[in-house]
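So you can see what is in the structure, the chains are spelled out below.
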Number of protein chains: 6
Amino acid sequence: MRLQLSTWPEVADYLSTRRGVIIPIGSTEQHGPSGLIGTDAITAEVVSWRAGEVLDTLVAPTIAVGMAHHHMAFPGSMTLRPSTLIAVIRDTILALSSHGFTRFLFVNGHGGNIPSIQSAFYEAYEEMRVHHGDGAPDIACQLCSWFSSPAVEALAAEAFGDAEGSHATPSEVSVTWHAYPDQQRTPVLDPPVAPQGRFTDSRDFRRAFPDGRIGSNPALATPELGGRFVEVAVDYIATTYGDFLKG
Amino acid sequence: MRLQLSTWPEVADYLSTRRGVIIPIGSTEQHGPSGLIGTDAITAEVVSWRAGEVLDTLVAPTIAVGMAHHHMAFPGSMTLRPSTLIAVIRDTILALSSHGFTRFLFVNGHGGNIPSIQSAFYEAYEEMRVHHGDGAPDIACQLCSWFSSPAVEALAAEAFGDAEGSHATPSEVSVTWHAYPDQQRTPVLDPPVAPQGRFTDSRDFRRAFPDGRIGSNPALATPELGGRFVEVAVDYIATTYGDFLKG
Amino acid sequence: MRLQLSTWPEVADYLSTRRGVIIPIGSTEQHGPSGLIGTDAITAEVVSWRAGEVLDTLVAPTIAVGMAHHHMAFPGSMTLRPSTLIAVIRDTILALSSHGFTRFLFVNGHGGNIPSIQSAFYEAYEEMRVHHGDGAPDIACQLCSWFSSPAVEALAAEAFGDAEGSHATPSEVSVTWHAYPDQQRTPVLDPPVAPQGRFTDSRDFRRAFPDGRIGSNPALATPELGGRFVEVAVDYIATTYGDFLKG
Amino acid sequence: MRLQLSTWPEVADYLSTRRGVIIPIGSTEQHGPSGLIGTDAITAEVVSWRAGEVLDTLVAPTIAVGMAHHHMAFPGSMTLRPSTLIAVIRDTILALSSHGFTRFLFVNGHGGNIPSIQSAFYEAYEEMRVHHGDGAPDIACQLCSWFSSPAVEALAAEAFGDAEGSHATPSEVSVTWHAYPDQQRTPVLDPPVAPQGRFTDSRDFRRAFPDGRIGSNPALATPELGGRFVEVAVDYIATTYGDFLKG
Amino acid sequence: MRLQLSTWPEVADYLSTRRGVIIPIGSTEQHGPSGLIGTDAITAEVVSWRAGEVLDTLVAPTIAVGMAHHHMAFPGSMTLRPSTLIAVIRDTILALSSHGFTRFLFVNGHGGNIPSIQSAFYEAYEEMRVHHGDGAPDIACQLCSWFSSPAVEALAAEAFGDAEGSHATPSEVSVTWHAYPDQQRTPVLDPPVAPQGRFTDSRDFRRAFPDGRIGSNPALATPELGGRFVEVAVDYIATTYGDFLKG
Amino acid sequence: MRLQLSTWPEVADYLSTRRGVIIPIGSTEQHGPSGLIGTDAITAEVVSWRAGEVLDTLVAPTIAVGMAHHHMAFPGSMTLRPSTLIAVIRDTILALSSHGFTRFLFVNGHGGNIPSIQSAFYEAYEEMRVHHGDGAPDIACQLCSWFSSPAVEALAAEAFGDAEGSHATPSEVSVTWHAYPDQQRTPVLDPPVAPQGRFTDSRDFRRAFPDGRIGSNPALATPELGGRFVEVAVDYIATTYGDFLKG
Ligand code: NI
Ligand code: NI
Ligand code: NI
Ligand code: NI
Ligand code: NI
Ligand code: NI
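Just so you know, these numbers come straight off a predicted model, no measurement behind them. (Residues numbered from 1 in each chain as written. Chains lettered and ligands numbered in written order. Predicted model: local features only at pLDDT ≥ 70, side-chain atom pairs only at ≥ 80, totals over all residues. Heavy atoms only, no water.)

### Re the relation of the copies chain B and chain A
At step 1: Under the fitted operation, chain B is carried onto chain A by 0.0 Å of movement along the axis and a turn of 180°, and the coordinates agree to an RMSD of 0.0 Å. On this basis, the relationship between the two copies can be described by a two-fold rotation axis. In terms of proximity to the rotation axis, the leading residue of chain B is Thr84 of chain B, whose C-alpha is 3.4 Å off the axis.
At step 2: Most of the interface of chain B is mirrored in chain A: 100% of its interface residues are interface residues there too. (Least-squares fit on C-alpha atoms with pLDDT ≥ 70 in both. Contact = heavy atoms within 4.5 Å.)

Here is the structure:
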């Protein structure tokens, strides 16, 4: 059940029995020579929509642009400042909270968003605490980065071994190809497996990772594997957050 | 050409000859008993994607949640504070600007966003001016609310007369049905044409417009008309902003 | 009745029967070779003071500096960032609201302020809603840009035709000459009627409008016409907002 | 020379030889049973305008609403948050600085503004330093609270002795009566000399000072003394800041 | 009693009878060729800890970095923007207030902090007032800059005469040597007594005061005098704020 | 080498060969019935000071109050909002950066700070990128939470097994007892090992963990183990960040 494809009376019905909501959050940033710029938003969205079906839970619109400063040396990457992203998430929680939603699950597709998401949870909690003390709305926020759930990591290790890497990975590319089969690209990747390493700011990132990938060989991606990644991610979410989302 | 479905080398190619970008911006808010909560985001997105094809222009991801305080008395409506939305748009402009984009067209689906969008343009211009003076990047931002373009208003008048109204209109509902033919709903609307009027805050809105519609009869919508609305909106954008977007 | 020229017991008396307040808001920006930099603040103030007399309504001090980024390439222009102006207006509303004022009419003299004023209304409404829900103070804010009221536009069309233009107009200059008869300036204007057009940022504005005027011939101004413009603007306000201001 | 009553070419001329500007800043707050709510803005403005004439210096529009939280328990008082007032002053400095003004004298009429004004100077300096280092514009900001200049304090002591007090003082009331002779009010003040003391927040203020005055007997005010206060304040400004304002 | 060296049950006990808390606030900035960069934080902390013992009052952790823009042209100086420092103090007050602390004494070691501290008090008061009106927590905040208390100024005058100066003073250096006897430095100071004067921004400060001192001869400092300064400062605090801190 | 105990010429000398700086960051929050409220700040400080000696690296003053919303239901806990803490860290980085520091190591004692610290790094990077592009200062920021370094976790497992837990742990209590041997407290803990679990906001935390501990038995702490924890943490920092800090 997608919020965008619902009417307000339908949401009112939903809230008569349910209190949970899933919010997909991704990023709009380079994913190497072959990966889509929208990879992190697309994957979060696909996983969230399927989880919403499986769990009969409402899914809010996707936050498509995240915190991706480190990718800004590559054309097309977008970023919000952490402070802006925190404000967006804080507003999202408080807006939905006022209708009676109390259980918020952010399904995340981008590692760079994690600090902002966690900061936003506490920004919202603390604002409510300062202004309302014990009378604050009793809300609970959880973050699930689908790509680092144990089930997903196990499947990636099995399917790709060390070539999974950590950015522009074959697992996330597989999910985008599962969602958009006509968007597969297969340029020559040189080297096939990108270098590993750490980075600080956006200039340092591009120096270390000239084509944008980190440790990955996305040429190993397939749409079929993409479907399996969605499946195991949703299973993990159902097991871990199913009760939580009933509110 | 959608940014989300592009790779960074493709964006680099685009920027070797083009400087324009379209950013769809909508809202997530009640649209009466039959209209989808995502109506304003869906319509802005559909119009933008088609305009991007016609004008061979890159389209950034949709800003799906806008400023919709006045709809918050209806379940499922979401809003950003104006200050948050301004920050989001400011960050969007500055992020894309750093890659060489200089012509920004925000295609808007929601009247309530207009003050925030215009404020954000000047927030960005003024920040650049204060910090860089005459050396500031030479960017230009334009706002086009597709629903109030003359061609769209003419078609709406012809198709619906006074029953177009101003919120949960048959024109915007038609566009969503064109985009999502399986999402048509036809509850009894009582009265068929909703009351007209003004409003201040969210409580006042619900007092004045009990089912969320303003002056409209969305039962007049059809998917076919939706297709025509997209067409005339895109024609208008092509005529008005085609040269601008070449940068 | 001007707030600045009242005592607090007089305001307490006023509030025992009335709930409305008028807030003049203008700008401090170039108005061509002959127009005063304070034109927009002066005109908003003159209209507001007269409306306050006619409607027996309290008038708050004038917000004299507005959002005028686009005029900053001309010496003497001042601007607040949109975010700052929004904070000023938000604080103004909340401060007066705490005394029991519930009806706020912003009489505006500058088009560039409109997005910030409208954003501020929703910033205030939303902050109150988030923190107080249905218990939020029941306030209502309205914006009236005196220069674009129908009666004023009709008089300008009659008096000046196309030479009214849209910045440094003979109508606003007339009002300043009515208020400050000794401040009339009559330099040679070349061309007599300035060019029309659009603009983006402050550099673009000066390129398009070298002497600062847009489409106007302010040499047509007279103090007598200024008096008539005030009169018709106040009539419009009285008719449109008279009941509203009774609270 | 008032900025509001100048044209942009006149300001351009001024800047060819001068770099200084005076900015009056006051407050809009209760001043006891007889004092005007606009007292602090009126007095700052009157002193600034006269100083501008004497020193041939441009005077910007008055910042009429200041930081007056402590007066908010009295009807009609207005306040900006300190953070808002800091933003206003920061924007004021940066806007004027971009035209070439380098010497800013804030003539202040309200003690409660002092922390915000001083904070704003450093907010502006620090922002420029962080972004431009040694290339930052070489601006200098000074604060002069006219009422606490030695010459004014001496005259107040001579004229009123202990009955000067510290809020709703006969000296400031005298200046407003000098400026607005028709706005004199002479209610019975009980006690004639108000209590002295300290305060914390707005509730504490009203508990300690039930009619709003602190230690003063404003019944001693006269318009003639008001004229003398303006004179000695302007003399002090001319002596202390005359060279500074030449820039 | 130091908060950092307490447990939560001990604080709960304290709050069963007491409502006061002392918050030391200093700065991290150059103090001339011989003075420690931490001078202002160290002195505030030493005075606060001793006052806490004498008055049996809880002492919160020291705010060690303050507003020191004007010292930033000397290596090692740190500063918060005024807006950041205001936020820190506001959060400090509201956090402690939620446990039942109602009397806040900020013991300050740095003149440059004063505007930010005072602004923060009103930022907190006003935020509580806007959101809670008469139901706001009844808190009271006081600022005591130990170095400008009358008793300290008298001792400094007696001990050092004009060579006390106003930055990198022998009195504050004495206190740091009392606290850290092994941190005494005695470079040649040239001239022995530094120049007096005023300053605007950080560049202006270094031009006027090449080695960082203002009007002082810190070579006159001794650890023994440091102990006496602490003693008289604490006596002053006990006399002036002892009752206040009982809450 | 502690910044607070240095003079500016000493820092200038340091910067002639070194570019690194360590910033300790902790928290002020309940640590169960026996743990000090300052535990996280004390431990970060002790580890940082020792690392500074071993690595001949300057150590800035400790950020003593962090993000600890979740502990606010226990008396004495303090917190900054995430947005405030981000501003503090951003200002810290930019202030030190302007003197030539380029390598920033934040040694952290509190898990709740991690999202804010990481967000602040990107807030600083992104602000510099937007305003200076490739000309931005080439700084690098790293975060090291001493308590989760592999060497520390190994020692804790060896010394305490499962009774280490995750809040008010015997390892951190040991470090505070090593630093303050006279601050040992040994109340009866019931149960000896606290419950494990997750939490959302501050109310939920206290419901789940009634005495404040999570999964730990701090009665196992000893000052001697505290010394060993400092030693292994510093070894880890030296090995991992020694080269980084040379700049
Ligand atoms: Ni990704
Ligand atoms: Ni709509
Ligand atoms: Ni105008
Ligand atoms: Ni006054
Ligand atoms: Ni000092
Ligand atoms: Ni801890």
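Now that the structure has been shown, the text picks up again.
### What to know about the pattern of salt bridges
At step 1: All chains considered together, the criterion is met by 78 salt bridges over all chains.
At step 2: A salt bridge links Arg81 of chain C to Asp91 of chain D, with the shortest nitrogen-to-oxygen separation between them at 2.9 Å. With Arg81 of chain C in the loop between strand 2 (58-59) and helix 3 (82-97) and Asp91 of chain D in helix 3 (residues 82-97), the pair connects residues from two separate chains.
At step 3: Judged by relative accessible area, which is 3%, Asp91 of chain D ranks as buried.
At step 4: Glu158 of chain C serves as the salt-bridge partner of Arg228 of chain C, at 3.9 Å between the closest nitrogen and oxygen. Of this pair, Arg228 of chain C sits in helix 8 (residues 223-246) while Glu158 of chain C is found in helix 5 (residues 150-160), placing the two residues 70 residues apart along the sequence.
At step 5: The exposure class assigned to Arg228 of chain C is partly exposed, which follows from its relative accessible area of 41%.
At step 6: Salt bridges here are not isolated pairs; linked through shared partners, they connect Asp138 of chain A together with Asp201, Arg203, Asp204 and Arg207 of chain F. (Salt bridge = Lys/Arg side-chain N within 4 Å of Asp/Glu carboxyl O. Helix = DSSP H or I, 4+ residues; strand = E, 2+ residues; numbered from the N terminus. Buried < 20%, exposed > 50% of the residue type's maximum accessible area, 1.4 Å probe, protein only.)

### A closer look at the sheet that holds strand 2 (residues 58-59) of chain D
Sheets are built from strands paired through backbone hydrogen bonds, the pairs being either parallel or antiparallel.
All names here are of chain D.
At step 1: An order of 2-1-3-4 is seen for the four strands of this open sheet, with the pairing classed as parallel. Edge positions in the sheet fall to strand 2 and strand 4 (140-145), since each of these pairs with one other strand and no more.
At step 2: Against the sheet, helix 2 (residues 39-55) contacts strand 1 (20-25), strand 2 and strand 3 (103-108), and its axis sits at roughly 160° relative to strand 1.
At step 3: Where helix 3 meets the sheet, its contacts fall on strand 1, strand 3 and strand 4, and the angle it forms with strand 3 comes to roughly 145°. (Pairing = 2+ DSSP bridges. Axes fitted to C-alpha atoms, helices over the stretch in contact; angles between N-to-C directions.)

### Here we look at the coordination of the nickel ion (ligand 5)
All names here are of chain E.
At step 1: Binding of the nickel ion (ligand 5) to the protein goes through His31 (NE2), Asp40 (OD) and Glu172 (OE), at separations of 1.9 to 2.1 Å.
At step 2: Each donor residue of the nickel ion (ligand 5) lies on one chain, and together they are spaced H-x8-D-x131-E. Of the two residues, Asp40 sits in helix 2 (residues 39-55) while Glu172 sits in helix 6 (residues 170-179), which places them 132 residues apart along the sequence.
At step 3: The buried category is assigned to Asp40, whose relative accessible area is 2%. (Donors = N, O, S within 2.8 Å, 3.2 Å for Na, K, Ca; no water.)

### Points about the arrangement of the chains
At step 1: Over all C-alpha pairs, chain A and chain D never come within contact, reaching a minimum spacing of 17 Å.
At step 2: Nowhere do chain B and chain E come into contact; their C-alpha atoms are at least 17 Å apart.

### Section: the pairing of strand 3 (residues 103-108) of chain C
All names here are of chain C.
At step 1: When you tally the buried positions in strand 3, you get five out of six residues, the bulk of the element.
At step 2: Bridge count between strand 3 and strand 4 (residues 140-145): six bridges; the pairing is parallel. Counted as the bridge partner of Val107 is Cys144 from strand 4.
At step 3: In this view, the connection linking strand 3 to its parallel neighbour strand 4 by way of helix 4 (residues 114-132) has right-handed handedness. (Right-handed = clockwise from strand over helix to strand, strands pointing away.)

### Concerning the pairing of strand 1 of chain D
All names here are of chain D.
At step 1: Counting buried residues in strand 1 gives six out of six residues, a clear majority hidden from the surface.
At step 2: A two-sided burial pattern is seen for strand 1, the buried positions comprising Gly20, Ile22 and Pro24 on one face and Val21, Ile23 and Ile25 on the other.
At step 3: Across six bridges, the pairing between strand 1 and strand 3 is parallel. Residue pairing across strands places Ile23 opposite Phe106, the latter belonging to strand 3.
At step 4: One ladder, built from two bridges, connects strand 1 with strand 2; its direction is parallel. Bridging from a neighbouring strand, Ile22 pairs with Val59 of strand 2.
At step 5: Remark: the strand 1/helix 2/strand 2 crossover connection has right-handed handedness.

### Section: the interface of chain B and chain A
At step 1: At the interface, 53 residues of chain B touch 53 residues of chain A.
At step 2: Here chain B and chain A share an interface that buries about 3900 Å² over both sides, 64% of which is from carbon and sulfur atoms.
At step 3: Per-residue buried area on chain B facing chain A is highest for Gln4, Leu5 and Trp8 of chain B; these three make up 19% of the total on that side.
At step 4: There are four salt bridges connecting chain B and chain A.
At step 5: Counting every contact that joins chain B to chain A gives 19 residue pairs in polar contact (both at pLDDT 80 or more).
At step 6: Counting residues per element, the ones that place at least two in the side of chain B that touches chain A are helix 1 (8-15), helix 2 (39-55) and helix 3 (82-97) of chain B. (Buried area = accessible area lost by both parts, 1.4 Å probe. Polar contact = N/O pair within 3.5 Å; in protein donor to acceptor, adjacent residues only side chain to side chain.)

### What to know about the coordination of the nickel ion (ligand 3)
Put simply, the ideal angle at a metal is 109.5 degrees for four donors in tetrahedral geometry and 90 or 180 degrees for six donors in octahedral geometry.
At step 1: Protein coordination at the nickel ion (ligand 3): the donors are His31 of chain C (NE2), Asp40 of chain C (OD) and Glu172 of chain C (OE), at 1.9 to 2.1 Å from the metal.
At step 2: Going along the chain, you hit the donors of the nickel ion (ligand 3) in the pattern H-x8-D-x131-E.

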